[in-house]
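# Inside the fold
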Amino acid sequence: MKIRMLIIIVQFVLIIVLGAALLTRYVVFGAVEPMVREPKAPGESTLAYQPLPPPRIPSDTISQLVKFKKNFTPTVEKVTDRIYLARGFALGSVAMVITDDGLVIVDTTESREAARAIWERFREITDQPVRYIIYTHSHRDHIFGAPVFYSPGVPVIATEEAVKMMDLYYRELLPFIERSRDNQSGRLAPGFARPLPMKGPFKHELQPELIRPTITFAESYEFELGGTKFELRHTRGETTGHLMVWLPEVKALFPGDLYYESFPNLSTPMLEQRPVKDWYEWLDRIVAMEPEYLVPSHNRPISGREAVREVLTWHSRGIRYVYDETVKAINEGLTEEEAVEKIHLPPDLAGRWHLAEVYGRVDWSVRGIYRALTGWYDGRGAGLNPLPARYVSREVIALAGGADKLLARAIELQKAGEHQLVCELCDMVIRANSKDKLAHNIKAVSLEYMGYQAKNLNVFGFYRSAAALERQAAEVKP
Ligand SMILES: [Zn+2]
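Bear in mind the structure is a predicted one, so any value in this text is a computation, not a measurement.

### Brief notes about the overall build of the protein
Scanning the protein from terminus to terminus reveals 17 helices and 13 strands. Projected onto its principal axes, the C-alpha coordinates of the protein cover approximately 95 × 80 × 45 Å. Here the protein holds 478 residues, and the buried ones make up 39% of them. Within the protein, counting contacts between residues at least 6 apart in sequence, those at least 24 apart form 69% of the total.

Below you can see the structure in the form of structure tokens.
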């Protein structure tokens, strides 16, 4: 009996000791990881480098920019006797609906400065007071001009989801949102030579005042003012909190940013993925409503049922094509890179004037859709527990015989115009040693060249900003 007791006690003590030992091992050392030796950083490169002369804008880009500039000439367009659209004063437009009992303002542009100029022009048309303000969504180019149109007591309408996005963007994530905006607009490049049109539309304010919505809704909201009916619907697409405004009597539709004159920015590179499927499904629903007038929040209004139907139908097809092809690529086991290489708009879609990739891009959309629908691991092993990128970069640089070797090749490639490859080689050196000034400098030059070759507004901005950051790191003045 005593012996059995003794055995039980010994077993108990052993379990406690072993358990404690295992626990200590995990607490002190963490889970078992493969041992990897961190390679040594390479020394700073010492090559002589004569930068290329500053890039010039290609002539076809200039003609494209002139067209763009024309689109941003301040204009107040009369859509019907009671609907006016002010566009070209800034990036975002403002629509005004005149009723027998005052005005409804749909979207408010991005700054008080632009809004004031618009309000002055509206005042030449009518002296009625503003009764309602509607935000189609939470993006800054639609809301920050509101103080000009607002007076206490005027209801401001948005979806519940839009208010959540305002809190996310302009409170919780504000520093990042500002940074991503500066990256996209090219504003990180203050000393950078600015091609003409870039001085134009952007009128972002440093400390904008947010007029918060006072009426919010989940799915739909209707009201009547001065004999005119307004039907608002929550239409996910450009954002999850997007809405459209429908005037059933005149069949006028305000789609917000569900339609503008470009392949849409389905996945803006630095921000959250947008609901792509909802986007084309809502366009299809809008087509079924047979609008006679389309009054978007950027670009020109469109009049005539057939013209509206035509544009929206093709717009929806373009979005659906990219979505469906990306889903197919995922199911077939293609990697994100392979999907991006494979998917392009077919000629009947690519040839549509309103699907030109001047603002959004198909390749960015494929990446965004791919990432939104899948997890971060590709199933191929190395990506499950990757090393910090500097490890591989340092190995490769050591094998090549030093950073100078990689940068010498980058300089050759730069002369040959292979700027993306230049950036990737420079990044390999920068990852291995972030203080390598020459790598930053060579990369800045190639980024500038890529920016000037861009046919897309956002690409242009992103490259300009990235070049400015590299110049800063290289301690080279622009
Ligand atoms: Zn917008």
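### Things to note about the sheet that holds strand β9 (residues 228–234)
The strand order across the open sheet formed by six strands is β8-β9-β10-β11-β12-β13, and the pairing between neighbours is mixed. In this open sheet, the two edge strands, each paired with only one partner strand, are β8 (220–225) and β13 (302–303). Relative to strand β12 (residues 293–294), strand β11 (residues 252–254) runs parallel, the two being bridged by two bridges. Residue pairing in the sheet places alanine 252 in a bridge with tyrosine 293 of β12.

### Observations concerning the packing of helix α13 (residues 389–400) against helix α15 (residues 419–432)
Put simply, α13 and α15 touch, their axes get as near as 8 Å, and they point 110° apart. Put simply, α13 runs roughly perpendicular to α15. When α13 is examined against α15, the residues Ala389, Arg390, Ser393, Arg394, Val396 and Ile397 are found in contact with a partner set consisting of Met428, Val429, Arg431 and Ala432. Residues of the contact of α13 with α15, tallied by class, amount to six nonpolar, one polar and three charged.

### Some remarks on helix α9 (residues 305–331)
With 27 residues, α9 extends 38 Å from end C-alpha to end C-alpha; this agrees with the ideal 39 Å at 1.5 Å per step. If you check which residues of α9 are buried, you get Val308, Val311, Leu312, His315, Ser316, Gly318, Ile319, Val322, Thr326 and Ala329. Looking at the packing, one finds that the buried side of α9 touches α8 (276–288), β12, β13, α10 (336–342), α11 (347–350) and α12 (362–373). Two residues or fewer after α9 comes glycine 333, characterised by a positive phi angle close to 90°.

### Looking at the sheet that holds strand β2 (residues 83–87)
The pairing of strands in a sheet comes from backbone hydrogen bonds and takes either a parallel or an antiparallel form. Reading across from one edge, β1-β2-β3-β4-β5-β6-β7 is the order of the seven strands in this open sheet, with mixed pairing throughout. The two strands at the open ends of the sheet, each matched to only one other strand, are β1 (75–80) and β7 (215–217). Taking each pair of neighbouring strands and ignoring which way they run, the sheet shows an average axis angle of 20°. Judged from the two bridges that link them, strand β5 (residues 130–134) and strand β6 (residues 156–159) form a sheet pairing that is parallel. The residue bridging isoleucine 134 from the neighbouring strand is isoleucine 157, located in β6. Packing of helix α6 (residues 160–172) onto the sheet brings it into contact with β6 and β7, and relative to β6 it is tilted by some 90°.

### A short note on the domain arrangement of the protein
Per the domain assignment, the segments making up the protein are domain 1 (74–257) and domain 2 (389–474). Centre-to-centre separation of domain 1 and domain 2, based on C-alpha positions: 39 Å. Each partner contributes residues to the interface: domain 1 has nine residues there, and domain 2 has nine residues. The residue inventory of the side of domain 1 that touches domain 2, partitioned by class, reads three nonpolar, four polar and two charged.

### Considerations on the environment of leucine 258
Along the chain, leucine 258 falls in the loop between β11 and α8. Judged by local crowding, leucine 258 falls into the buried class, with 30 C-beta atoms found within 10 Å. Ignoring anything within four residues of it in the chain, the contact list for leucine 258 reads Thr235, Gly237, Glu238, His242, Met244, Trp279, Trp282 and Leu283.

### Examining the nonpolar core
The biggest cluster of nonpolar side chains holds 74 residues, and the ones touching the most others in it are Ala95, Ile105, Ile134 and Val295. Within the second largest apolar cluster, 32 residues are counted, among which are Ile397, Leu425, Ile442 and Tyr449.

Each value, and the rule that gives it
By convention here, each chain's residues receive numbers from 1 onward along its written sequence. Totals for whole chains, interfaces and linings use all residues, but because this is a predicted model, local features are given only for residues with pLDDT of at least 70 and pairs of side-chain atoms are given and counted only at 80 or more. Strands are runs of DSSP state E lasting at least 2 residues, helices are runs of H or I lasting at least 4, and numbering of each runs from the N terminus. Three classes are used. A residue is buried when 20 or more other C-beta atoms lie within 10 Å of its own, exposed when 12 or fewer do, and partly exposed in between, with C-beta atoms placed from the backbone. Contact criterion: two residues are in contact if their C-beta atoms, reconstructed from the backbone, are within 7 Å. Being paired, for any two strands, means DSSP has found at least two bridges between them. Axis lines are fitted through C-alpha atoms, for helices just across the contact stretch, and the angle between N-to-C directions can take any value from 0 to 180 degrees. Geometric relationships in this document are graded by angle, where less than 35 degrees denotes roughly parallel, more than 145 denotes roughly antiparallel, 65 to 115 denotes roughly perpendicular, and other angles denote oblique. In the scheme used here, Gly and all other residues not listed as nonpolar or charged are polar, with Ala, Val, Leu, Ile, Met, Phe, Trp, Tyr, Cys and Pro taken as nonpolar and Asp, Glu, Lys and Arg as charged. Expected span, for any helix, means 1.5 Å times one less than how many residues it has. Where each domain starts and ends follows an automatic or database-derived domain assignment. A set of buried Ala, Val, Leu, Ile, Met, Phe, Trp, Tyr and Cys residues, joined to one another through C-beta atoms within 7 Å, is what we call a nonpolar core.

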